[in-house]
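# Structural features, examined
As a plain string of letters, each chain reads:
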Amino acid sequence: FTLKQLHQVRKRQSQILSKWSRNIKICEKYGTPYLITTEAEKKSELRRPRDSAAVLKSLGSEGNKTVSKYPGNILEKNLKAKKKGTDYSGVEVIE
């Protein structure tokens, strides 16, 4: 889920949020992790994690998982892979 979609002129916000709500229910039903992002290109487009979680929580999600647990799991998995020397062709590591 990306907050950038909410700023699109072509679609109404209510339609996007309705689809998000449906998709959140499906993800939670099957135990699929999901994330929310801003896709920020400028510093002014960044949002606090709590703000992003609040948007999803208003749609029936357990919003905190999307900004803490799931991203943390992804980072942990990537660190383990890096320690093992797993090659990710096409992925640039920025430190």
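Basis of the calculations
Residues numbered from 1 in each chain as written. Predicted model: local features only at pLDDT ≥ 70, side-chain atom pairs only at ≥ 80, totals over all residues. Heavy atoms only, no water. Core = buried A, V, L, I, M, F, W, Y, C linked by side-chain atoms within 4.5 Å. Buried < 20%, exposed > 50% of the residue type's maximum accessible area, 1.4 Å probe, protein only. Helix = DSSP H or I, 4+ residues; strand = E, 2+ residues; numbered from the N terminus. Salt bridge = Lys/Arg side-chain N within 4 Å of Asp/Glu carboxyl O. Arc of directions from axis to C-beta. Contact = heavy atoms within 4.5 Å. Expected span 1.5 Å × (residues − 1). pLDDT = per-residue confidence, 0-100.

### With respect to the nonpolar core
Within the largest apolar cluster, 11 residues are counted, these being L3, L6, I16, W20, I24, C27, Y34, I36, L56, L59 and Y70. For this core, the element with the most residues is helix 1 (residues 13-29), which contributes 4 residues.

### Description of the pattern of salt bridges
Once the charged atoms of two side chains with opposite charge are near each other, the side chains can pair. Per the counting criterion, the structure on display carries 1 salt bridge. One salt bridge in this structure joins D51 and R48, with 3.5 Å as the shortest N-O distance. Accessibility expressed as a relative area gives 53% for R48, which makes it exposed.

### Points about helix 2 (residues 49-57)
Buried within helix 2 are the following residues: S52, A53 and L56. Within helix 2, the buried residues cover an arc of 100 degrees as seen down the axis, which keeps them to one side. Among the exposed residues of helix 2, those oriented more than 90 degrees off its buried face are R50 and K57.

### Regarding the side chain of S61
Along the chain, the position of S61 falls in the loop between helix 2 and helix 3 (63-84). Beyond its immediate stretch of four places on either side in the chain, S61 contacts I24, E28, Y34, L56 and T66.

### Details of helix 1
With 17 residues, helix 1 should cover 24 Å at 1.5 Å per step; its first-to-last C-alpha distance of 24 Å lies within 8% of that length. Turning to helix 1, its buried residues are I16, W20, S21, I24 and C27. Looking straight down helix 1, one finds that the buried residues subtend no more than 140 degrees of arc, so they occupy a single side. Seen from the buried face of helix 1, the exposed residues on the opposite side, beyond 90 degrees, are K25 and K29.

### So, the confidence of the model for the protein chain
Across the protein chain, the average pLDDT comes to 76, with 79% of residues at 70 or higher. Per-element confidence in the protein chain is highest for helix 1, whose mean pLDDT is 85, and lowest for helix 3, whose mean pLDDT is 74.

### Let's talk about the environment of K69
As for its position among the elements, K69 is in helix 3. A residue is classified by how much of its surface remains accessible, and K69, at 48% relative accessible area, is partly exposed. Between the C-alpha atoms of K69 and L35, which are 34 residues apart in sequence, the distance is 9.8 Å.

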